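Descriptive analysis of the structure
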Amino acid sequence: MTRSMTLTRALRNGTVAAVVALTTVACTGSDDADDAAAATEPESTGDAVVSTDEATDSTEATEPTPVGSDVDGEASAADAPVAQGPPGDPAQTVTSDDVDRALEQIPGEVEAILEASGVPGLAVSVVFEDDVVFADGFGVREVGGDEPVGPDTVFQIASLSKSLSATAVAGLVGEGDVDWDEPVVDHLPDFELSDPYVTENVTIADMFTHRSGLPPHAGDLLEDLGFDRDEIFDRLAQEPLDPFRAQHQYTNFGLTAGAESAAAAAGEPWDVVIDEQLFEPAGMTNSSALFDDYITATDRAVPHGLDAEGNFVVGEQRNPDPQTPAGGVSSTATDLANWMRLQLAEGDFNGQPVIDADALLAMQTPHSLSNPPGSPSSHSGLYGLGMGVGVGDDGFVRWSHSGAFLLGTGTNYVMVPGQQLGLSVITNGAPVGAAEAVSQSIVDLIVDGEVSRDWFAGYSALFAGLFDPDLPTDWSEVPSDPSPAGPADLYVGIYDNDYYGPMEVTQDADALVMTLGPDAMTFELEPYDGDTFLFSPPGENGTGPTGITFEVDGEQAVSVTSEFYDQSGLGTWESR
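Now for a quick tour of the structure. (Residues numbered from 1 in each chain as written. Predicted model: local features only at pLDDT ≥ 70, side-chain atom pairs only at ≥ 80, totals over all residues. Heavy atoms only, no water.)

The full count for this structure, using the stated rule, is 20 aromatic pairs. Judged by centre distance (6.2 Å) and plane angle (80 degrees), the ring pair of tyrosine 565 and tryptophan 573 falls under edge-to-face. On the basis of relative accessibility, which here comes to 2%, the residue tyrosine 565 falls in the buried class. An aromatic cluster is built from Tyr499, Tyr500, Phe523, Phe535, Phe564, Tyr565 and Trp573, whose rings are joined through pairwise contacts. The ring of phenylalanine 405 has arginine 318 sitting right over it, with the charged end atom 4.3 Å from the ring centre. Above the plane of the ring of tryptophan 455 lies arginine 453, whose end atom (NZ or CZ) is 4.7 Å from the centre. (Phe/Tyr/Trp six-rings, centres within 6.5 Å; stacked < 30°, edge-to-face > 60°. Buried < 20%, exposed > 50% of the residue type's maximum accessible area, 1.4 Å probe, protein only. Lys NZ or Arg CZ within 6 Å of the ring centre and 35° of its normal.)

As structure tokens, this is what we get:
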């Protein structure tokens, strides 16, 4: 796998490790960001030190060091000496004055990034010391309209759903309904993977930290073809597995299986579980795990994808219900502020216990290595249960996650528990780095007193890779001397595949048409070179034309292989 492919997958994974690792390089104009990925220090998901003893209590009792003064006599966070807490647990340095000064600058910074990115609208929330100190919207809900985004505008939040879902499971763990280390099959007895040992032993925690051995994004292409959750779960048994618990490989449907197992243990549907465990007690009144609630909301942000010219346009509306725990939650800036307050308060909300602190700490603790270090001195990217866990260059632990629907959503949150600080950014535009740029700019303003660099310039260059096909073959290259396709009768027929289901190839006027999926999606096959044709895959993961090749024996094709669908070796159909 090339480094560019690795970066693209890391970006799609929803963690910001690779993005932040490359930001410094991108912002200084390096021409070799891929090579720098291995050597540049990740900031958001770096090597974390998580304290589980009385050090936390002593930190809370330490007075923050007073800030210094700048040349104008104003207090400056950048001039403050670093307060000393217990080893690995620095004392809080951010003060209310730091936050107040930053709040005055946030609207201007957000508006500048909104204009530079072209994203139609976004909403921001900031919490500090258990207070919501900022919650507001910018831009419009739909391009070409005039309805403004507000703090209670409902957005699809994509992979931020993983962190909220892990919080709900922590609630069940605290109540004794389930344990993080219980096997998924204890409560989903029909769930099966290709290795019997893994089937019997893969736990809810394994799924939430992406170490089951399933290939990256296993099941996502089935969702794009219209298969429902149960059908996708059934087909995961055919996916080849990498070594169990040996590496972090991000899978939406693996995490979804973990959440569904926890819900089965509680005896309730998942949408009820997350409502009862999190949304209701945390006052998240406009949040839901049901697509129908999002699509019928009166104050709703419409997703916008990118057209061929790079303009934001209203396009296909994604329904992520099949993977709701991983990417199907909708929420608002106000509601996400409440969730961050609960996280930073160790499971309490408005002084009342909601989630057991120990169960929540398990979520906030690193469980897998998501981004290996590129040099002996660089941080490692780590992942907890549904959230990235790392350490910034200032020594403070950071929790973070990004979310991305290429069809129209880019989201991000960052929390710094040692500073009692959290912020979320949700947008209604395809992921171009705007959410992450706003997050990092706000963190800079609050912690350091000024924005350290042009974050959007760096992130936008890196996020451009998300829209490139992640395949070995560049199908945009036209063969210099292509061979003609054979007669249509050579390819017409029905081809079987246990994983993706049957494919039917028919002749329609002058074109060959391929039909796939439970909803009988049709794709015109465009001649490319001999027995190879081009088609455009559907849905979230379709990033342009890709090839499909027929194997011909005599006067009839006997099989057909799609490179796009063969990424884990399951993309060949056999003729009936």
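Now for the packing of helix 6 (residues 160-174) against helix 12 (residues 270-279). At a closest axis distance of 9 Å, the pairing of helix 6 and helix 12 adopts a crossing angle of 80 degrees. Comparing their axes, helix 12 and helix 6 come out roughly perpendicular. Judged by residue contacts, Leu164, Ser165, Thr167, Ala168, Val169, Gly171 and Leu172 of helix 6 engage Trp270, Val273, Ile274, Gln277, Leu278 and Phe279 from helix 12. Here the residues of the contact of helix 6 with helix 12 sort into 9 nonpolar, 4 polar and no charged. (Axes fitted to C-alpha atoms, helices over the stretch in contact; angles between N-to-C directions. Helix = DSSP H or I, 4+ residues; strand = E, 2+ residues; numbered from the N terminus. Parallel < 35°, antiparallel > 145°, perpendicular 65-115°, else oblique. Contact = heavy atoms within 4.5 Å. Nonpolar A, V, L, I, M, F, W, Y, C, P; charged D, E, K, R; others polar.)

Tracing the backbone shows serine 125 in strand 3 (residues 121-128). For serine 125, a relative accessible area of 0% gives the class buried. Here the side chain of serine 125 touches alanine 333 through a polar contact of 3.1 Å, landing on its backbone oxygen. For serine 125, the side chain forms a polar contact with the side chain of serine 424, separated by 2.6 Å. (Polar contact = N/O pair within 3.5 Å; in protein donor to acceptor, adjacent residues only side chain to side chain.)

With that settled, the discussion passes to the pairing of strand 21 (residues 532-535). Residues Thr532 and Leu534 of strand 21 are buried on one face, and the alternating residues Phe533 and Phe535, pointing to the opposite face, are buried as well. Sheet analysis places strand 20 (residues 521-529) next to strand 21, joined by 3 bridges and oriented antiparallel. Of the residues in strand 21, the one forming a bridge with aspartate 529 is threonine 532. By the bridge criterion, 4 bridges tie strand 21 to strand 22 (residues 546-553) in an arrangement that is antiparallel. Its bridge partner being in strand 22, phenylalanine 535 is matched across the sheet by threonine 546. (Pairing = 2+ DSSP bridges.)

For the rest of this paragraph, the subject is the environment of leucine 188. Note on placement: leucine 188 falls in the loop between helix 6 and helix 7 (196-201). In sequence terms leucine 188 and alanine 262 are 74 residues apart; their C-alpha atoms lie 9.0 Å from each other. Apart from residues no more than four positions distant in its own chain, leucine 188 is found in contact with Ala257, Glu260, Ser261 and Ala264.

In a regular helix each residue adds 1.5 Å, so 15 residues correspond to 21 Å; helix 6 covers 22 Å between its end C-alpha atoms and thus fits that length. Backbone geometry just downstream of helix 6 places glycine 176 in the positive-phi region, at approximately 85 degrees. (Expected span 1.5 Å × (residues − 1).)

Tallied over the entire structure, the rule returns 10 salt bridges. Linking arginine 245 and aspartate 206 is a salt bridge whose minimum nitrogen-to-oxygen distance equals 2.9 Å. Here aspartate 206 lies in helix 8 (residues 204-208) and arginine 245 lies in the loop between helix 10 (229-235) and helix 11 (252-266), a separation of 39 residues in the sequence. Note on arginine 245: relative accessible area 42%, which makes it partly exposed. Of the charged contacts in the structure, one is a salt bridge between glutamate 540 and arginine 318, with a shortest N-O distance of 3.7 Å. With a gap of 222 residues between them, glutamate 540 in the loop between strand 21 and strand 22 and arginine 318 in the loop between strand 7 (312-313) and helix 14 (324-327) connect regions that are remote in the sequence. Arginine 318 carries the same exposure label as glutamate 540, and that label is buried. (Salt bridge = Lys/Arg side-chain N within 4 Å of Asp/Glu carboxyl O.)

Bear in mind that shape data such as this cannot, by itself, settle questions of function.
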